[in-house]
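Each chain, letter by letter, is given below.
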Amino acid sequence: MASTQAATAATPFPTPAPAPAPSAQAPAPAQQTQNGRGPKRAHNGKDNTSRQWKQKKTKREKTITEGSSEEVLRRDVEALLASKGVDLESSCGAEENESLPEQGAEIEVDVLELSSTGDGLAMRPGSNQVYVVPFTVPGDVARVKVYRHIRGEHQTVADFISIAKPSPLRDDARIQCKYFSSCGGCQFQMLDYQEQLKLKKRILEKAYRNFSSLPAELVPAVQDTIGSPLQYGYRTKLTPHFDGPPGFRPSRRNRSRTSFESCPDIGFMKKGQRKVLDIEDCPIGTSAVRLGMARERGRMHREFVNYTRGATILLRENTHRYAKSAQGSDEQQKQHPPPQDQLAPYTTRTEGDDFVDIKSCETDSKATTTEYIDGYAFTNPAGSFFQNNNSILPKFTAYVRDRILPPCSSSSSTSPIKYLIDAYSGSGLFTITLSSVFQHSTGIDIAADSIASARNNASLNGLGPDRCQFIAADAGQLFQSVTYPADETVVVLDPPRKGCDGDFLGQLRRFGPKRILYVSCNVHTQARDVGVLVRGDADGARYAVESLVGFDFFPQTGHVEGVAILNRFEDEAVENRDNTLE
């Protein structure tokens with residue numbers, strides 16, 4: 001997860017194209033058929049294989065060095081080659097002499113591994129070149145089109161065409177989206193869900209092996225990935241988009257006011273291309289979001305002539321909950337949920353033991369939306385960040401609540417933990433769901449509007465200033481505003497994809513809380529930061545990792561959410577820990 005600093009962190013969909021026009025609307029229910037061939041890229045016919053090339057970073061990765069998808073992929077390619085006995089340093093010259101297929105050539109490759117980016121890593125017999133192929137799994141023999149060779153890295157980017165021989169792991173009957181193998185959103189729909197969870201455990205293991213800079217004995221065994229109750233129909237937010245009219249350039253020098261001659265393609269990026277794929281329906285969206293998508297597509301087909309540039313369409317689920325009995329508030333008791341056959345258009349109705357939920361889809365980014373986690377209610381502006389898989393949040397918050405304090409067996413004669421600092425607190429998810437555990441809690445976020453939402457959510461859930469407070473400030477200045485005793489404090493970290501900066505980690509170590517729980521939507525930058533806390537360079541507390549586990553917030557994709565729990569070393573234990581590091 002991440003704070004509001006990371007707008008749509010961990011989303012499996014690409015960053016939208018140009019800035020939005022007025023407001024927009026989007027897709028209709030989808031046919032569940034398969035697309036047997038992958039996306040095609042434009043090839044200019046020239047041989048560019050000797051040109052150095054670097055994968056372009058997304059907006060969310062521009063501030064990331066270690067832990068970027070480019071770096072993660074490079075490490076995985078190197079590991080595969082090392083497992084084949086290839087000495088990268090001595091083989092650089094040999095790579096230049098190897099005869100590689102020309103750009104645009106169609107070849108067959110054997111898929112050997114999956115990268116942590118979700119792409120298959122393939123090779124050809126007798127060659128030391130690794131082909132990066134999307135939509136494949138180990139054991140596949142895939143037909144691909146060569147796109148570009150990356151000299152000096154034994155790496156070739158290739159487009160998926162088809163499967164010549166399927167892996168035993170592959171079952172295309174599992175695929176529920178006709179855009180799979182073209183849309184850049186999902187990678188794993190052909191895999192059994194338990195296999196997806198195993199792959200995500202390996203992603204976490206590799207992250208700590210490649211980016212923590214810690215000896216293996218200081219990294220505990222990664223626990224099995226905790227799965228999502230829903231593998232489809234789980235996303236409460238989607239952001240399809242469309243590009244501007246042909247010839248549109250979003251620059252001051254070219255203020256073209258050309259209108260669309262027909263409705264533009266509305267959807268998500270094609271895999272490997274900066275082009276929108278027209279998508280009528282997305283089966284990983286919730287029912288309300290998919291209905292909203294259909295409504296918005298219909299509106300765009302009527303109103304496309306009003307647009308002169310591209311736009312992003314917000315689709316965010318909103319829940320109106322009705323109590324079934326007198327257990328609800330006075331206001332709830334006065335209301336009665338509509339029966340199924342009298343629902344407003346584009347809404348859905350679900351029932352729990354004590355409540356009925358009417359769900360709709362909001363498109364105004366400033367409108368207030370509501371969702372529930374067990375008995376907690378959270379309101380947010382529709383365009384702000386909040387986790388996009390509500391089905392897993394009760395399981396996730398229960399896991400954190402059960403482990404936020406040290407195990408009873410590890411308690412010592414020191415003071416018990418009474419206080420919580422929720423860094424990167426957003427709209428108060430952890431501060432509020434952990435409120436019953438602590439005497440007092442403080443949430444902090446850089447965004448003032450997030451703090452306003454958090455304070456409102458605390459009030460909504462019956463929590464006053466005597467139980468929790470929220471501070472709008474740079475997390476780097478966090479400990480100047482909090483006076484809790486370090487020996488009685490646990491800190492929850494939930495930073496954006498780039499992780500924590502060095503100044504913040506230094507400040508955290510100097511404060512030295514008894515315990516840290518680190519949640520991250522980028523397990524690679526998490527591993528880097530945890531390494532800093534464990535190594536404990538310069539002044540400040542040092543930590544040991546108690547546990548590591550992944551949560552599958554985004555089934556069918558290569559994304560995994562990491563949870564690391566750390567305990568501060570007591571003075572008598574530091575010397576033994578230092579001997580291990582040496």
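All of these numbers come straight from a predicted model, not from anything done at the bench.

Next up on the list: the overall build of the protein. In terms of helices and strands, the protein carries 11 helices and 22 strands. A burial count over the protein gives 55% of its 582 residues as buried. In the protein, of all internal contacts separated by at least 6 residues, the share reaching a separation of at least 24 is 74%.

Turning to helix α10 (residues 523-535), a few remarks are in order. In this model, α10 (13 residues) spans 18 Å end to end at C-alpha, consistent with the 18 Å of a helix rising 1.5 Å per residue. In terms of burial, α10 is largely enclosed, as 11 of its 13 residues are buried. Val523, His524, Thr525, Gln526, Ala527, Arg528, Asp529, Val530, Gly531, Leu533 and Val534 are the residues of α10 that are buried. Just downstream of α10 lies Gly536, where phi reads positive at about 60°.

To continue, consider the packing of aromatic side chains. On inspection of all chains with the given rule, the structure shows 13 aromatic pairs. Here the aromatic rings of Phe242 and Phe260 are separated by 6.0 Å at their centres, their planes lie at 70°, and the arrangement is edge-to-face. Of this pair, Phe242 sits in strand β7 (residues 241-242) while Phe260 sits in the loop between β7 and β8 (267-269), and the two are 18 residues apart along the sequence. Taken individually, Phe242 and Phe260 each receive the classification buried, so the pair is uniform in this respect. Ring plane angle 70° and centroid distance 5.7 Å describe the contact between Tyr424 and Phe504, whose orientation is recorded as edge-to-face. Residue Tyr424 is found in the loop between β16 (419-423) and α7 (429-433), and its partner Phe504 is found in helix α9 (residues 502-511); the two are separated by 80 residues along the sequence.

Inspection of the entire model under this criterion finds 27 salt bridges. For the salt bridge of Asp76 with Lys206, the shortest nitrogen-to-oxygen distance reads 3.5 Å. Here the residue Asp76 occupies a position in helix α1 (residues 69-83), and Lys206 occupies one in helix α3 (residues 193-211), the gap between them amounting to 130 residues. The class of Lys206 is buried, set by a relative accessible area of 10%. Among the salt bridges present, the one from Glu113 reaches Arg202, with a minimum N-O distance of 3.0 Å. On the criterion of sequence distance, the pair formed by Glu113 in strand β1 (residues 106-114) and Arg202 in helix α3 is long-range, its members being 89 residues apart. The class for Arg202 is partly exposed, based on a relative accessible area of 33%. Salt bridges sharing common partners tie together Glu71, Arg74, Arg75 and Glu78.

Attention now goes to the sheet that holds strand β3 (residues 130-133). Read around the closed barrel, the five strands follow the order β1-β2-β3-β5-β4; overall the barrel is mixed. Strand-to-strand twist across the sheet, computed as the mean angle between neighbouring axes with direction ignored, equals 50°. Taken together, the four bridges between β1 and strand β2 (residues 120-123) define a ladder with antiparallel strand orientation. Note that in β2 the partner of Asp110 across the bridge is Met123. The sheet strands contacting α1 are β1, β2, β3 and β5 (155-165), and the helix crosses β2 at an angle near 40°.

The next subject is the UniProt feature "active site" (unreviewed entry) in the protein. Mapped onto this numbering, the UniProt entry annotates "active site" (unreviewed entry) at Cys521. Cys521 gets classed as buried once you look at its relative accessible area, which sits at 4%.

What counts and what doesn't
- Residues numbered from 1 in each chain as written.
- Predicted model: local features only at pLDDT ≥ 70, side-chain atom pairs only at ≥ 80, totals over all residues.
- Heavy atoms only, no water.
- Helix = DSSP H or I, 4+ residues; strand = E, 2+ residues; numbered from the N terminus.
- Buried < 20%, exposed > 50% of the residue type's maximum accessible area, 1.4 Å probe, protein only.
- Contact = heavy atoms within 4.5 Å.
- Expected span 1.5 Å × (residues − 1).
- Phe/Tyr/Trp six-rings, centres within 6.5 Å; stacked < 30°, edge-to-face > 60°.
- Salt bridge = Lys/Arg side-chain N within 4 Å of Asp/Glu carboxyl O.
- Pairing = 2+ DSSP bridges.
- Axes fitted to C-alpha atoms, helices over the stretch in contact; angles between N-to-C directions.
- UniProt positions renumbered as here; feature names shortened; annotations may be inferred.

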